[in-house]
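Overview (structure and organization)
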Amino acid sequence: MSRKIKSISDPRISLNILSPEDVQRIHTATLDIIESVGVRFPSHKALDIWEAHGATVDRDTMVVKAPGHLIEEALKKAPPVYTLAARDPAQDLPLDGNHVYVGTDGCGVQIIDLETGELRRSRLQDVADIARVSDDVEEIAFIWTPVSAQDYPPHTRSLYEILAIWENTTKHVQTESIYSEEEARAAVEMAAVIAGGKEELRKRPVLSIMQCTTPPLGQDGGSLEAALVAAEAGLPVGFMTMTSCASTAPATLAGNLVVGNAEVISALAMIELAYPGAPVFYAAAQTAMDLRTGGYTGGGPEDFLFGGATNVLADFYNVPLSMGSFATGAKEPNWQAGVDNSLSTLMACISMSDMLLGVGLLHGSRIWSYEQMLLDCEIYDIVYHMMKGIVVDDETLALDVIRAVGPGGNFLAQKHTKKHMRELWVPQFMDRRPYTEWQEKRDGPRDWAREKARQILATHEPEPLDPKVSAELKRIIASLEK
Amino acid sequence: MTDDLFQAMAQSIIDGEVEDAERLAREALERGIDPLDAINKGFVVGVNYVGDQYAAGEMFLPDLVLAGEAMKAAVAVLEPEIARRGTEREMLGTVVIGTIEGDIHEIGKTLVATMLSTAGFKVYDLGVDVPVTAFVEKAREVNADIVGVSALLTTTMVKQRDVVEALEDAGLRPKVKVMVGGAPVTQGWADEIGADGYSEDAIGAVALAKRLVGAE
């Protein structure tokens, strides 16, 4: 039986972060930048599309300058609502503006080995194992290729990764590791086998593709061409900006939003110009440079504000958002990881970002930790409960119960208590034991999370992929290896 | 069918239904069932189930308290008949419990009392703001095995030591064990004042009491 998916819906708390005037100013500034400065699209296919629609294209610098109305018209063609399909239809994810779904983070290069505790390079078996644990955990709605299968050849690695995920989970698969047209064609072919044909795939996209922009104001050629292949087949395609204050964007937050926005909406507009009505999504994980090292921070107040603000922009363009949250810069599951991942997730959830990326990685999305993965799920679970807000009605005001207990009594033995107590949050990993018990055992959340991951890997059997389908997918990958 | 009745009794405890438990206890009396059988083959089965479910993380503290309330109600109905037959319910021990004088914090102490009673102890709850001498007198009167002293304030906690000393002066120690509890209390404090045990929560208090009377 497939696991249900814990998604946030019907939120009862909200955030006031950008006024309509703020959004309009960011939008106007963005169009100004796209039209007057331009965005670099280093792909002749992409440039052809722009040229055919009347944008100014410089073939030498590969910079496109597009008038604002062209961008606006193109974005209007993007569907506001669509569904990320899963192998198991019961686990489909409608991106309808009223759900927040969590995925795994990606794409890490090292992993803390679950058995030995050693830090080592990631491999294909890790992708499979992480997918299997994700399949069992209800907080995780979709699986983003979590770590790189470095024991497989670079030009087919991304395909082995999605195969390993499909073989170990019935949930939706998303990848950001496909950067060439050839790989994208193979991925589409693989997805079509899973969906049961190209037309079925269009209706039920079991795979979605994310690409990264190249800030400031640039795209990656291979990524653009891979995205076009995916969009043609009807796979949802997103572009993620990771503009960083003071290095790849202005030091000011609003300026950062403009640069990132220009990258994302220009890419989405190009997709809509090529394939009107193609499902696309906004994706972002803006940040600020660490002022001392120049490095990626993986957290901090700027990141949290971007997490809250970006869905306001995505809503303005009426497309779903995939928001980078979690992604701590901490080296191990610790205080910093808890602070980073709690605040980023809270902010992205309050603004109802459609997808959150994602659980499990440390050190700025480089090191996979099963402990962090499950602790991140608990953070999400806390936010999930907070988003239910405070319901005020006769039943919850509980006047009869307050009267029955009166001054000085207690509410423990009230039927009302028994009826509602299971609405109260119960942690899996918080240490709420008596002090003496902790003193005796000296264990804690990390130990329990590790134990749980081990137990899932030892016992959870995902719904298997038909061996014939598996063989067919392997044949498609092999055809690229000739 | 007596088995069905016993099963219903257990269920009334599991559901924490006080009225059901009382009704089933009366039914047992009407049908001439030995009240000790009603307790041990019926209600106690429910208590044990709730305890197991709690330990497994499936049930919570309010479930335990409601089960305790239902158990108490059933036993109250059965007790006169137990006495009339000249029989006695086998208890784990007798506990005198209260919140120390100057302190009116009740809930933790009451919770411990309920848990102990549900677990099979005979419990005398003296309430709050209880003078040191009252603990001693009651312990002598009911031949207590354990005296439990609760304090929530650092200013009243010091009187837990007075209870230990007063029991000693009265010649009741070391036969009468002393357990202490309350937010400011630690194992270190319990050791320092010569108390026999400390627990941070009600579940631990039951385990401690069982240990002190050699029931575990």
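Residues numbered from 1 in each chain as written. Chains lettered and ligands numbered in written order. Predicted model: local features only at pLDDT ≥ 70, side-chain atom pairs only at ≥ 80, totals over all residues. Heavy atoms only, no water.

Residue and element names in this part refer to chain A. Structurally, the position occupied by Thr 328 is in the loop between strand S16 (321–324) and helix H11 (335–350). Residue class for Thr 328 comes out buried when judged on its relative accessible area of 0%. Polar contacts involving the side chain of Thr 328 include one to the main-chain amide nitrogen of Ala 330, which spans 3.0 Å. In this view, Thr 328 contacts Gly 298, Gln 336, Ala 337, Asp 340, Asn 341, Leu 361, Leu 362, His 363, Gly 364 and Ser 365; residues no more than four positions away in its chain are not counted. (Helix = DSSP H or I, 4+ residues; strand = E, 2+ residues; numbered from the N terminus. Buried < 20%, exposed > 50% of the residue type's maximum accessible area, 1.4 Å probe, protein only. Polar contact = N/O pair within 3.5 Å; in protein donor to acceptor, adjacent residues only side chain to side chain. Contact = heavy atoms within 4.5 Å.)

Take the side chain of A:Asn261 next. Residue and element names in this part refer to chain A. On the secondary structure map, Asn 261 appears in helix H9 (residues 253–274). Classification of Asn 261 by relative accessible area gives buried; the value is 0%. A polar atom in the side chain of Asn 261 sits 3.0 Å from the side chain of Tyr 317. In contact with Asn 261, other than residues within four places in its own chain, are Ile 26, Thr 30, Ser 266, Tyr 282, Leu 313 and Tyr 317.

This next bit is on the interface of chain A and chain B. Counting from both sides, the interface comprises 15 residues of chain A and, opposite them, 20 residues of chain B. A combined buried area of about 1,400 Å² lies between chain A and chain B, and 64% of that area is made up of carbon and sulfur atoms. The tally of links from chain A across to chain B stands at four salt bridges. With its nearest N and O atoms 3.3 Å apart, the salt bridge here joins A:Lys418 to B:Asp63. Put simply, the parts of the chain that give the side of chain A that touches chain B at least two residues each are helix H15 (415–420) and helix H16 (435–441) of chain A. Here the element with the most residues in the side of chain A that touches chain B is H15(A); it accounts for three residues. Taken together, the residues of the side of chain A that touches chain B break down into six nonpolar, five polar and four charged. (Buried area = accessible area lost by both parts, 1.4 Å probe. Salt bridge = Lys/Arg side-chain N within 4 Å of Asp/Glu carboxyl O. Nonpolar A, V, L, I, M, F, W, Y, C, P; charged D, E, K, R; others polar.)

All names here are of chain A. Spanning 16 residues, helix H10 (residues 301–316) covers 23 Å between terminal C-alpha atoms, matching the ideal 22 Å at 1.5 Å per step. At Gly 308, H10 shows its maximal kink, close to 30°. Within H10, the full set of buried residues consists of Asp 303, Phe 304, Phe 306, Gly 307, Gly 308, Ala 309, Thr 310, Asn 311, Leu 313 and Ala 314. Of the residues one or two after H10, Asn 318 is the one with positive phi, at around 60°. (Expected span 1.5 Å × (residues − 1). Bend = angle between axes of the 7 residues up to and from the residue.)

Attention now moves to the packing of aromatic side chains. All names here are of chain A. A complete count under the given rule lists six aromatic pairs over all chains for this structure. Centre to centre, the rings of Tyr 380 and Tyr 384 are 6.3 Å apart; their planes meet at 50°, and the pair counts as tilted. With a gap of four residues between them, Tyr 380 and Tyr 384 both fall in helix H12 (residues 370–386), about one helical turn apart. Each member of the pair, Tyr 380 as well as Tyr 384, is classed as buried. Geometrically, the ring pair formed by Tyr 435 and Trp 438 is tilted, given 5.3 Å between the ring centres and 55° between the ring planes. Of this pair, Tyr 435 and Trp 438 both sit in helix H16, three residues apart, which is roughly one turn of the helix. Judged by its relative accessible area of 27%, Trp 438 is partly exposed. (Phe/Tyr/Trp six-rings, centres within 6.5 Å; stacked < 30°, edge-to-face > 60°.)

Coordinates in, geometry out; function isn't part of it.
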